[in-house]
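Each chain, letter by letter, is given below.
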Amino acid sequence: MREKLTKHDVERIEEEIEYRKLVVRKEALEAVKEARAHGDLSENFEYHAAKKDKNRNESRIRYLERMLKTAEIVSEESKEDEVGLNNTVQVYLEDDDEEETYKLVTSIRGNSLDGKISTESPLGKAILGHKVGDRVEVKVSDDYSYYVVIRKIENTVDDGTDRIRSY
């Protein structure tokens, strides 16, 4: 699946790659060298742990580089009166008789516990492009859907504090 990334997402990923290559890689290699110096490698826990950390860092670098190569760059621009990327949206959940507030973000920054939902999620897909007052069906599956009413849209600036989800 191609990730949808904004220019800010790309910049953050590039920064993480650079940090991992210049700082983390250097520290990991040093830890492997130091652990190797302790003697017998077959029973050297520090050596195996250091190798595992080094390999985990290299895997993360490859993952991020692959993500950048295959990503689709999407615009953060949206019409002033429509729900778009990086907007904070207040919705009324009819079934629960409750209001919830979410920020719409790209899939790599989605974190529902922090109130950030992806534009790829059922709710994100449903409300994207709608206006205040619109009643929108959120289709979760073929068997289940629910309705929300968009109450408020705030244009928020991407301040760079959202963390890229790590795997």
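Residues numbered from 1 in each chain as written. Predicted model: local features only at pLDDT ≥ 70, side-chain atom pairs only at ≥ 80, totals over all residues. Heavy atoms only, no water.

Some details on the pattern of salt bridges
Under the defined criterion, the tally for this structure stands at 13 salt bridges. Across the pair Arg20 and Glu16 runs a salt bridge, and its minimum N-O distance is 2.9 Å. Placement of the pair is Arg20 and Glu16 together in helix α1 (residues 7-36), with a separation of 4 residues, close to one helical turn. For the residue pair Arg20 and Glu16, the accessibility class agrees, reading buried in each case. Here Glu99 ties to Arg151 by a salt bridge, and the two come within 2.4 Å at their closest N and O atoms. In this pair, Glu99 sits in strand β4 (residues 98-105) while Arg151 sits in strand β7 (residues 145-155), placing the two residues 52 residues apart along the sequence. On the accessibility criterion, Glu99 (39% relative accessible area) is partly exposed. Taking the relative accessible area as the measure of exposure, Arg151 reaches 37% and is therefore partly exposed. (Salt bridge = Lys/Arg side-chain N within 4 Å of Asp/Glu carboxyl O. Helix = DSSP H or I, 4+ residues; strand = E, 2+ residues; numbered from the N terminus. Buried < 20%, exposed > 50% of the residue type's maximum accessible area, 1.4 Å probe, protein only.)

Things to note about the sheet that holds strand β6 (residues 135-139)
On the basis of which strands lie adjacent, the open sheet formed by 5 strands has the order β5-β4-β3-β7-β6 and mixed pairing. Unpaired on one side and paired on the other, β5 (116-118) and β6 mark the two borders of the sheet. Sheet twist, expressed as the mean angle between neighbouring strand axes with direction ignored, is 45°. (Pairing = 2+ DSSP bridges. Axes fitted to C-alpha atoms, helices over the stretch in contact; angles between N-to-C directions.)

Brief notes about the packing of aromatic side chains
Evaluated as defined, the whole model comprises 1 aromatic pair. Considering the side-chain rings of Tyr144 and Tyr146, the 6.1 Å spacing of their centres and the 35° angle between planes classify their relative orientation as tilted. Take Tyr146: its relative accessible area is 19%, and that puts it in the buried class. A cation over a ring is seen here: Arg135 above Tyr147, with NZ or CZ 3.9 Å from the ring centre. (Phe/Tyr/Trp six-rings, centres within 6.5 Å; stacked < 30°, edge-to-face > 60°. Lys NZ or Arg CZ within 6 Å of the ring centre and 35° of its normal.)

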